[in-house]
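Single-letter residue listing:
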Amino acid sequence: MSTLQTTRPHGEVWPELSRHQDVVLQDARGNRIEGTIDGMTDDRSTLWIQLKGGLGRQLIHHLDGYWLETPAA
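Residues numbered from 1 in each chain as written. Predicted model: local features only at pLDDT ≥ 70, side-chain atom pairs only at ≥ 80, totals over all residues. Heavy atoms only, no water.

## A short note on the packing of aromatic side chains
Right, so step 1: Overall, the coordinates contain zero aromatic pairs when judged by the stated rule.
Right, so step 2: For arginine 57, the ring lying beneath its charged end belongs to tryptophan 48, and the centroid distance is 3.9 Å. (Phe/Tyr/Trp six-rings, centres within 6.5 Å; stacked < 30°, edge-to-face > 60°. Lys NZ or Arg CZ within 6 Å of the ring centre and 35° of its normal.)

Here it is, written out as structure tokens:
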């Protein structure tokens, strides 16, 4: 998946994301989380990601060290 822009972590909450939106998250070690948004807390601090490939769900807090890669339109 190509990316148009990358948002690096800087302590702010996640941007407004829609349920079922495809996302790719990455951390400084190069670990990637790919899937779709399954839910978000009202304060936008935490995401539930339905992982690609039927691997279940993962909870990601905005301070966990991941940033959002924005897929190209």
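## Considering the pattern of salt bridges
Right, so step 1: Scanning the model with the defined rule gives seven salt bridges in all.
Right, so step 2: Of the charged contacts in the structure, one is a salt bridge between glutamate 16 and arginine 44, with a shortest N-O distance of 3.9 Å. With glutamate 16 in the loop between β1 (3–7) and β2 (22–27) and arginine 44 in the loop between β3 (32–40) and β4 (46–51), this pair connects stretches of sequence that are 28 residues apart.
Right, so step 3: Where arginine 29 meets aspartate 27, a salt bridge forms, and the shortest distance between an N and an O atom there is 2.7 Å.
Right, so step 4: The exposure class of arginine 29 is exposed, given its relative accessible area of 67%.
Right, so step 5: Connected through salt bridges with shared partners, the residues Arg32, Glu34, Lys52 and Glu69 form a single ionic network. (Salt bridge = Lys/Arg side-chain N within 4 Å of Asp/Glu carboxyl O. Helix = DSSP H or I, 4+ residues; strand = E, 2+ residues; numbered from the N terminus. Buried < 20%, exposed > 50% of the residue type's maximum accessible area, 1.4 Å probe, protein only.)

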